[in-house]
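# Fold and contact review
Listed below, chain by chain, are the residues.
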Amino acid sequence: MRPLKAGISRGAMARNLRVARAHANGARVFAVVKANAYGHGLSRARRAFAATDGFAVLTLDEAANLRLMGVEQPILLLEGLFGAGDLAACGELDLWPVLHQPAQLDWLERAPPARPLHVFLKFDSGMHRLGLPLAAHAALVARLRGMAGVAGITLMTHFAQADEAAGIDWQLHPFLDGVKTHELPWSAANSAALLRFPHACGAWVRPGLMLYGASPFADTSAGELGLQPAMRLESEIIGVQALQAGEGVGYGQAFRAERPMRVGIVACGYADGYPRHAPTGTPVAVGGRASRTLGRVSMDMLCVDLDGLPDAGVGTPVELWGTQVPVDAVATAAGTVSYELLCALAPRVPVEDVD
Ligand SMILES: *Cc1c(COP(=O)(O)O)cnc(C)c1O
């Protein structure tokens, strides 16, 4: 059997949820489980996060699956309705849609579901992606309050730079100044805002990444935040090459040996979700010891440096990311973020539950 597999710890996920709750400043917590729970599996996330106050998803399919699995907590649809046809399911499944553009209000007004919905009215406070204009808040809230299809309103916004030095106050203050007159609950914080800015927590927080044990910050590791990696991507060496000085390895011969050295060939490639852009030097653990990748990542394989690891050979375990190699370190080396690596875990990689 091909030795590549992902081991996922529900225990770590449950502990990370407790870290989120400890930072939430009394807010209720939506566990964000979009994108197959950031690659960790929706059903596994449902069990790991049984203690959450709610779940947040992207699609009706994900929401319907959670209800089928027996979820009774509120379920937030992060982008709300994609068409008027989504309203019936929201009513039947008791989902909380985000309303971020005027047509969504029109649909709800024209065809109110039999069971009125709790809605999240999303304002653009500066990210300029999704959201209604903050300047129109009074009219919008008044309009929703008059709708038969609306059972309750939470006000919402999203931060563009919660993980950066610019922070959130440039968005939070205009948002709160605008909406505080309505005396309605509000929700703004993702993982980064929740971890750094307790005053941004409001009534509901929406952590995603941190629940999976990765860090939203470039300058602070998951370990420093008290988070435990939930996913471990591991494989083995399936071949060994001895290079002479000047010989190259892999496509493009992108790495060349400066002196004689041993190279391990590992069963993991970009078709498994390992980033193809990871350059020579990307961290990896071979037999529990720190090493680095060499040359280009291929579809099914990558190469690692066995210099200084004389005992390593065919069958030696290799951790691509997990407890020894933070997924954030691999992402940084590859010029991306851990979000992308976790979500990109390929369906062909077998997943097993650990601890
Ligand atoms: C994905 C998402 C989140 C979670 O963000 P993290 O950075 O993973 O914590 C929160 N809010 C919204 C609107 C999202 O789309």
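These remarks concern the structure in this document. Everything numeric in this text was worked out from a predicted model, so none of it was measured.

### What to know about the pairing of strand 3 (residues 54-57)
Judged by which residues are buried, strand 3 turns out to be covered on both faces: G54 and A56 on one side and F55 and V57 on the other are all buried. Across three bridges, strand 2 (residues 28-32) lies against strand 3 in parallel orientation. Bridge assignment links A31 to a residue of strand 3, and that residue is F55. Across three bridges, the pairing between strand 3 and strand 4 (residues 75-77) is parallel. Pairing of F55 across the sheet is with I75, part of strand 4. The β-α-β motif built from strand 3, the intervening helix 4 (residues 60-68) and the parallel element strand 4 has right-handed crossover chirality.

### Focus on the site of the ligand
Around the ligand sit 13 residues, and of these K34, Y38, S191, L209 and Y339 come closest. Contact distances for the ligand include 2.5 Å between an oxygen atom and a side-chain N or O atom of S191. G208 places a main-chain nitrogen or oxygen 2.8 Å from an oxygen atom of the ligand. Considering the ligand on its own, with 390 Å² of exposed area, one finds that the protein chains cover 91% of that surface. Judged by the fraction of its atoms near the pocket grid, the ligand is located in the largest pocket. Looking at the shell around the ligand, its residues break down into seven nonpolar, four polar and two charged.

### What about the pattern of salt bridges?
Counting across every chain of the model gives 14 salt bridges. The partner of D53 in a salt bridge is R21, and the shortest N-O contact between them spans 3.0 Å. Placement of D53 in the loop between helix 3 (42-48) and strand 3 and of R21 in helix 1 (residues 10-23) is noted, with a sequence separation of 32 residues between them. A relative accessible area of 34% places R21 in the partly exposed class. The partner of R348 in a salt bridge is D272, and the shortest N-O contact between them spans 2.5 Å. In this pair, R348 is assigned in the loop between helix 11 (338-343) and strand 19 (351-354) and D272 in the loop between strand 14 (261-266) and strand 15 (283-286), connecting sequence segments 76 residues apart. Since its relative accessible area comes to 40%, R348 is described here as partly exposed.

### Structural notes on empty space enclosed by the protein
Left-over empty space is what a probe sized like a water molecule reveals as it rolls over the atoms. Across all of its chains, the model carries two cavities of 30 Å³ or more by this definition. What the largest cavity holds in volume is close to 40 Å³. Lining the largest cavity, in full, are K122, F123, D124, S125, M127, R129, L130, T157, H158 and Q171. For the lining of the largest cavity, the element with the highest residue contribution is strand 6 (residues 117-124), accounting for three residues. In this structure, the second largest cavity encloses a volume near 40 Å³.

### Brief notes about helix 7 (residues 137-145)
Residues of helix 7 that are buried: H137, L140, V141 and L144. End-on view of helix 7: buried residues confined to an arc of 95°, all on one side of the axis. Those residues of helix 7 that are buried are in contact with strand 5 (96-99), helix 6 (102-110), strand 6, strand 7 (132-133), strand 8 (150-156) and helix 8 (169-179).

### Concerning the layout of surface pockets
Size it by volume and the largest pocket reaches roughly 940 Å³. Lining the largest pocket are 42 residues, and of these Y38, H158, N190, L209 and Y339 lie nearest its centre. Residue assignment for the lining of the largest pocket shows that the elements contributing at least two residues are helix 2 (34-38), helix 9 (191-196), helix 10 (327-333) and helix 11. For the lining of the largest pocket, the element with the highest residue contribution is helix 10, accounting for four residues. For the lining of the largest pocket, the residue count by class is 22 nonpolar, 11 polar and nine charged.

Rules used in this analysis
- Residues numbered from 1 in each chain as written.
- Predicted model: local features only at pLDDT ≥ 70, side-chain atom pairs only at ≥ 80, totals over all residues.
- Heavy atoms only, no water.
- Buried < 20%, exposed > 50% of the residue type's maximum accessible area, 1.4 Å probe, protein only.
- Helix = DSSP H or I, 4+ residues; strand = E, 2+ residues; numbered from the N terminus.
- Pairing = 2+ DSSP bridges.
- Right-handed = clockwise from strand over helix to strand, strands pointing away.
- Near = heavy atom within 4 Å.
- Polar contact = N/O pair within 3.5 Å; in protein donor to acceptor, adjacent residues only side chain to side chain.
- Areas by Shrake-Rupley, 256 points an atom, 1.4 Å probe, with all protein chains shown as cover.
- 1 Å grid on protein atoms, 1.4 Å probe; cavity = no way out; pocket = protein on both sides within 12 Å on 5 of 7 lines; lining within 4 Å.
- Sits in = over half its atoms within 2 Å of the grid points.
- Nonpolar A, V, L, I, M, F, W, Y, C, P; charged D, E, K, R; others polar.
- Salt bridge = Lys/Arg side-chain N within 4 Å of Asp/Glu carboxyl O.
- Points joined across faces, edges and corners; volume = space filled by probe spheres on them.
- Arc of directions from axis to C-beta.
- Contact = heavy atoms within 4.5 Å.

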